[in-house]
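# Descriptive structure summary
So the chains spell out like this:
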Amino acid sequence: MDIMVNGEHVSCEEGITLESLVAKRGHDVRQIAVEWNERIVPKEEYGTSVIHQGDVIEIVTFMGGG
């Protein structure tokens, strides 16, 4: 199935959860926020949120600096 992640087309398997997608992309869940179809997803829902064809996901990484 095809979805959009951070503005790019991505193919992934049917039934993948948001938690699995984030892990496959190498993100540390402690350092990100996820918007899924224009909704901010609480971290506790990542494991139960199943992605569907055409979904739009934005993964934002927090960066420290000074």
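Above this text you will find the structure in question.
Quick summary incoming for the structure in this document.

Rules used in this analysis
- Residues numbered from 1 in each chain as written.
- Predicted model: local features only at pLDDT ≥ 70, side-chain atom pairs only at ≥ 80, totals over all residues.
- Heavy atoms only, no water.
- Buried < 20%, exposed > 50% of the residue type's maximum accessible area, 1.4 Å probe, protein only.
- Helix = DSSP H or I, 4+ residues; strand = E, 2+ residues; numbered from the N terminus.
- Pairing = 2+ DSSP bridges.
- Polar contact = N/O pair within 3.5 Å; in protein donor to acceptor, adjacent residues only side chain to side chain.
- Contact = heavy atoms within 4.5 Å.
- Core = buried A, V, L, I, M, F, W, Y, C linked by side-chain atoms within 4.5 Å.
- Salt bridge = Lys/Arg side-chain N within 4 Å of Asp/Glu carboxyl O.

All right, on to the pairing of strand E3 (residues 32-36) then. Alternating positions in E3 separate cleanly, Ile32, Val34 and Trp36 being buried on one face and Ala33 and Glu35 remaining unburied on the opposite face. Sheet topology note: the E3/strand E4 (residues 39-40) ladder contains 2 bridges and is antiparallel. Across the sheet, residue tryptophan 36 finds its bridge partner in E4, namely arginine 39. Between E3 and E4, which pair antiparallel in sequence order, lie 2 residues; one of them, asparagine 37, sits at a positive phi of approximately 50°.

If you trace the 5 strands from one edge of the open sheet to the other, you get E2-E1-E5-E3-E4, paired in mixed fashion. Looking at which strands have only one partner, the edges of the open sheet turn out to be strand E2 (8-11) and E4. Relative to strand E5 (residues 56-61), strand E1 (residues 2-5) runs parallel, the two being bridged by 2 bridges. Paired with methionine 4 across the bridge in E5 is valine 56.

Time to look at the side chain of serine 49. Mapped onto the secondary structure, serine 49 falls in the loop between E4 and E5. For serine 49, a relative accessible area of 6% translates into the label buried. Among the polar contacts listed, one links the side chain of serine 49 to the backbone oxygen of glutamate 45, at a separation of 2.6 Å. When sequence neighbours within four positions are dropped, the list of residues in contact with serine 49 reads Ile16, Thr17, Leu18, Trp36 and Val41.

Attention now moves to the nonpolar core. Ranked by size, the top nonpolar core spans 17 residues in total, and within it Ile3, Val34, Ile51 and Ile57 carry the most contacts. When residues of this core are traced back to their parent elements, those giving at least two are E1, helix H1 (18-24), E3 and E5.

Here we take up the pattern of salt bridges. On inspection of all chains with the given rule, the structure shows 3 salt bridges. Close ionic contact of arginine 30 with aspartate 28 constitutes a salt bridge, the shortest N to O distance being 2.6 Å. Looking at arginine 30, the relative accessible area reads 69%, which means it is exposed. Residue aspartate 28 is classed as partly exposed on the basis of its relative accessible area of 25%.

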